[in-house]
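Each chain is listed here by its residues.
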Amino acid sequence: MSKKLILYTSFFVVLSVGFMAYYAFMIKESRGSWIGKEKLPVLGSPGHTVQGFSFTDQDGNRITQENVKGKIYVSEYFFTTCTNICPVMNKNMEKVYAVYKDKPNFLILSHTSDPDYDSIPVLKAYAEKHGADPKNWHFLTGDKRQLYKLARESYLVDDGTFTGEDDFIHTQWFALVDGEGRIRGLYEGTKVKDVDKLIADIDRLMHE
């Protein structure tokens, strides 16, 4: 083999390797910023997971921990008559839903803070207003004490303690939960920056 042929061959090998490296980099970038980063933290005390629950959604279906087993989901608390933070929160939640609504392993659980008013028909109308499909975005009602207990002890979105009928949860926090029931992030649902981070973190969690 002549020196010129060896030189040309070496040049094309180097060029090919360069193209392959660039192509691999572009694939990596297209898959999202989660690649190469550390896993999301696990919040709460060691071994903390979401405790068992049983509520009713906007279609009258019973939703329990079995419905979320093995799935990634976002949990929030709101009430339909809220005119302050809740409209902003659920407008932002629509953004999250739009990105992941077709993912079979993703859900949103929106718990009412006002179960006395937010009946199933009221939740149904509210869910339709936000374009929520009940197969993966559940608006939940149930026993007030159990709803609040879950918010405080499981989802960590409120630090109060139950004080009877005058107690009321009004929190802007979204909780990201993994398929093992662990809290992997808390995000202010009224802030676009936090909601964008939530969307990115869901993708990271899906690829862990």
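These lines cover the structure that appears in this document, whether it is placed above or below. Just so we're clear, the structure is a prediction, and the values are computed from it rather than from any experiment.

1. Let's talk about the environment of Val 157
Then, in step 1: Note that Val 157 resides in the loop between helix 5 (144–154) and strand 6 (173–177).
Then, in step 2: Separated by 81 residues in the primary sequence, Val 157 and Glu 76 place their C-alpha atoms 8.1 Å from one another.
Then, in step 3: Residues in contact with Val 157, not counting those within four places in the same chain, are Tyr 77, Ala 151, Thr 171, Trp 173, Ala 175 and Leu 186.

2. Quick look at the nonpolar core
Then, in step 1: Of all hydrophobic cores here, the largest spans 29 residues; its most connected members are Val 74, Val 96, Phe 106, Phe 139, Leu 176, Leu 198 and Ile 202.
Then, in step 2: Among the elements of the structure, strand 3 (72–78), helix 3 (86–100), strand 4 (106–112), helix 4 (120–129), strand 5 (137–140), strand 6 and helix 6 (192–206) are those that each provide at least two residues to this core.
Then, in step 3: Looking at this core, the element that brings in the most residues is helix 3, giving six residues.
Then, in step 4: With near-sequence residues (within four places) excluded, Leu 198 lies in contact with Val 74, Val 96, Phe 174, Leu 176 and Tyr 187.

3. Thoughts on the pattern of salt bridges
Then, in step 1: All chains considered together, the criterion is met by 14 salt bridges.
Then, in step 2: Across the salt bridge formed by Lys 135 and Asp 133, the nearest N and O atoms sit 3.1 Å from each other.
Then, in step 3: Salt-bridge contacts for Lys 149 lead to Glu 153; the nearest nitrogen and oxygen are separated by 3.1 Å. You can see Lys 149 and its partner Glu 153 sitting in helix 5, four residues apart, about one turn around the helix.
Then, in step 4: The partly exposed category is assigned to Lys 149, whose relative accessible area is 32%.
Then, in step 5: Salt bridges here are not isolated pairs; linked through shared partners, they connect Asp 178, Glu 180, Arg 182, Arg 184 and Glu 208.

4. Brief notes about the sheet that holds strand 5
Then, in step 1: Spatially, five strands are ordered 5-4-3-6-7 in an open sheet, and the strand pairing comes out mixed. The sheet terminates laterally at strand 5 and strand 7 (183–188), the two strands that pair on one side only. Between one strand axis and the next, the sheet turns through 20 degrees on average, direction left out of account.
Then, in step 2: Judged from the five bridges that link them, strand 6 and strand 7 form a sheet pairing that is antiparallel. Bridge pairing in strand 7 links Trp 173 to Glu 188.
Then, in step 3: Strands in contact with helix 3 are strand 3, strand 4, strand 5 and strand 6; relative to strand 3, the strand with the most contacts, it is inclined by about 165 degrees.
Then, in step 4: Contacts from helix 4 reach strand 3 and strand 5, with the element oriented near 145 degrees to strand 5.

5. Structural notes on the side chain of Ser 113
Then, in step 1: Position of Ser 113 among the secondary structure elements: in the loop between strand 4 and helix 4.
Then, in step 2: Of the residues examined, Ser 113 reaches a relative accessible area of 1% and is grouped as buried.

About the cut-offs
Residues numbered from 1 in each chain as written. Predicted model: local features only at pLDDT ≥ 70, side-chain atom pairs only at ≥ 80, totals over all residues. Heavy atoms only, no water. Helix = DSSP H or I, 4+ residues; strand = E, 2+ residues; numbered from the N terminus. Contact = heavy atoms within 4.5 Å. Core = buried A, V, L, I, M, F, W, Y, C linked by side-chain atoms within 4.5 Å. Buried < 20%, exposed > 50% of the residue type's maximum accessible area, 1.4 Å probe, protein only. Salt bridge = Lys/Arg side-chain N within 4 Å of Asp/Glu carboxyl O. Pairing = 2+ DSSP bridges. Axes fitted to C-alpha atoms, helices over the stretch in contact; angles between N-to-C directions.

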